[in-house]
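This is what each chain is made of:
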Amino acid sequence: MSKKNNFILSGLLIAALLIGIYVLEQILPPTEMVFVVLQKGAIYALVAVSMNLLNGFAGLFSLGQAGFMLIGAYTYAIFTIPEVLKPSVYLYFGGGAIHFTLPVLAAIVLAGLAAAFFAYLIGLPVLRLKSDYLAIATLGFAEIIRAVFQWDALGPVTNGSNLLRKFQTYDSTLFPFVVSGTCIAVIVLFIRSTYGRALCAIRDDETAAEAMGIHLARHKRLAFCISSFFAGISGALLAMFQMTVQASAFKAAMTYEILLIVVIGGIGSVTGSCLSAFLFVAANEWWLRFLDTEQYIGSFQIPLLRPGFRRVVFSVLVMLVVLFFQKGIMGRKEFSISRFAGRLKRISYKNKEAKP
């Protein structure tokens, strides 16, 4: 199958997915759990791909994604609260210090730019570190920025430790899908560009890459800023999904969840990160939810089923996936329609040969 036909089929699959979501919205009530999984899965897919850009393609072990998502979420919320509603939101800070409102798309882009700006400032000293030291430094940044945003001195802007609410949200599940899909497409184009190939060379061997004329510091900083930009956009989408923003929600556990999605999908695989994001959200938020409630068969109560047991089962499932798929579901490979079609042909050919 040629690249042109593969591209056409990919476009048709994406169009069919969007049409399917639109049809579901017309049939099912908006409170159905499937929409929660689809929306949150799309948001987590974007932040997982942005993290994979660093960990899988640039070889930079960063754990600061929650901090950059926090910056994006707050930036979006602050600049999209309608002026007439700000006195009720900034109740303890005199109506706030920002007295204008931006359109939704402009605020989303600004959220990404704010995260990228902080990434540039942080990256100047931090990107000199390597491996675990870089991870610890970026994780420390995420914790510091979470505490700073709850500081009462910044209350007129961030509302301190209080909730930000009443900002603009979306009405359709298609919105996070379109935004996340567009951002992931841009990341893929970047990976396939000369800059992306240079990052892969740095990941494989920094000494050889530098000998070939690749500026290590510049390319690392570029990858760090681009990854943070899209993490900021995913933070804005998460704010719209949750309808409220509070810094205390962006803990280190959020970064660990994103890292887990990247590892399960495959470090260095964009489609793997997307697939594992939806599987992670569906299993954690939907499929295993019944384990948290008591279940009866007649008068017999099934043992162990109680609040919190879902987390135990989910952890066991994650361990099994890591044990049997040590490189993740996709490894470093990407889903290809032509490869998938070829595999189906080989299976059908073997089945025909096996028949007498």
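1. Describing unusual backbone geometry
No. 1: With a phi close to 70°, Asn159 is a non-glycine residue in the positive phi region.
No. 2: Looking at the secondary structure, you find Asn159 in the loop between α7 (155-158) and β1 (164-165).
No. 3: Positive phi is not limited to glycine here, since Lys166 has a value of about 65°.
No. 4: You can see Lys166 is positioned in the loop between β1 and α8 (174-192).
No. 5: By relative accessible area, Lys166 is classed as partly exposed at 36%.

2. As for the side chain of Lys220
No. 1: With respect to the element layout, Lys220 can be found in helix α11 (residues 216-242).
No. 2: Judged by its relative accessible area of 7%, Lys220 is buried.
No. 3: In this structure Lys220 touches Leu60, Leu127, Ile202 and Glu206, once residues within four positions along its chain are discounted.

3. Quick look at the environment of Phe57
No. 1: Note on placement: Phe57 falls in helix α2 (residues 33-58).
No. 2: Residue classification places Phe57 among the buried positions, given a relative accessible area of 8%.
No. 3: Expressed as a C-alpha distance, the spacing of Phe57 and Ile267, which sit 210 residues apart in the sequence, is 8.1 Å.
No. 4: Once residues lying within four places of it in the same chain are set aside, the contact partners of Phe57 are Asn52, Ile191, Leu199, Cys200, Arg203, Gly268, Ser269, Val270 and Glu334.

4. Quick notes on a nonpolar patch on the surface
No. 1: The grouping of Val312, Val316, Leu317, Leu320, Leu323, Phe324 and Phe325 at the surface amounts to a nonpolar patch, some 690 Å² of accessible area in total.
No. 2: Turning to its location among the elements, Phe325 is positioned in the loop between α14 (309-324) and α15 (337-354).

5. Points about the packing of aromatic side chains
No. 1: Applying the stated criterion across every chain yields a total of 11 aromatic pairs.
No. 2: Look at Phe79 and Phe100: their rings are 5.6 Å apart centre to centre, the planes differ by 45°, and that puts the pair in the tilted class. In this pair, Phe79 is assigned in helix α3 (residues 65-80) and Phe100 in the loop between α4 (86-89) and α5 (104-126), connecting sequence segments 21 residues apart.
No. 3: When its relative accessible area of 16% is taken as the criterion, Phe79 is described as buried.
No. 4: Residue classification places Phe100 among the partly exposed residues on the basis of a relative accessible area of 43%.
No. 5: Pairing Phe229 with Phe230 gives two aromatic rings, centres 5.1 Å apart and planes at 85°, and the pair type is edge-to-face.
No. 6: An aromatic cluster is built from Phe68, Phe141 and Phe224, whose rings are joined through pairwise contacts.

Each value, and the rule that gives it
- Residues numbered from 1 in each chain as written.
- Predicted model: local features only at pLDDT ≥ 70, side-chain atom pairs only at ≥ 80, totals over all residues.
- Heavy atoms only, no water.
- Helix = DSSP H or I, 4+ residues; strand = E, 2+ residues; numbered from the N terminus.
- Buried < 20%, exposed > 50% of the residue type's maximum accessible area, 1.4 Å probe, protein only.
- Contact = heavy atoms within 4.5 Å.
- Patch = residues over 30% accessible without salt bridge, like charges linked within 9 Å, V, L, I, M, F, W, Y side chains within 5 Å.
- Areas by Shrake-Rupley, 256 points an atom, 1.4 Å probe, with all protein chains shown as cover.
- Salt bridge = Lys/Arg side-chain N within 4 Å of Asp/Glu carboxyl O.
- Phe/Tyr/Trp six-rings, centres within 6.5 Å; stacked < 30°, edge-to-face > 60°.

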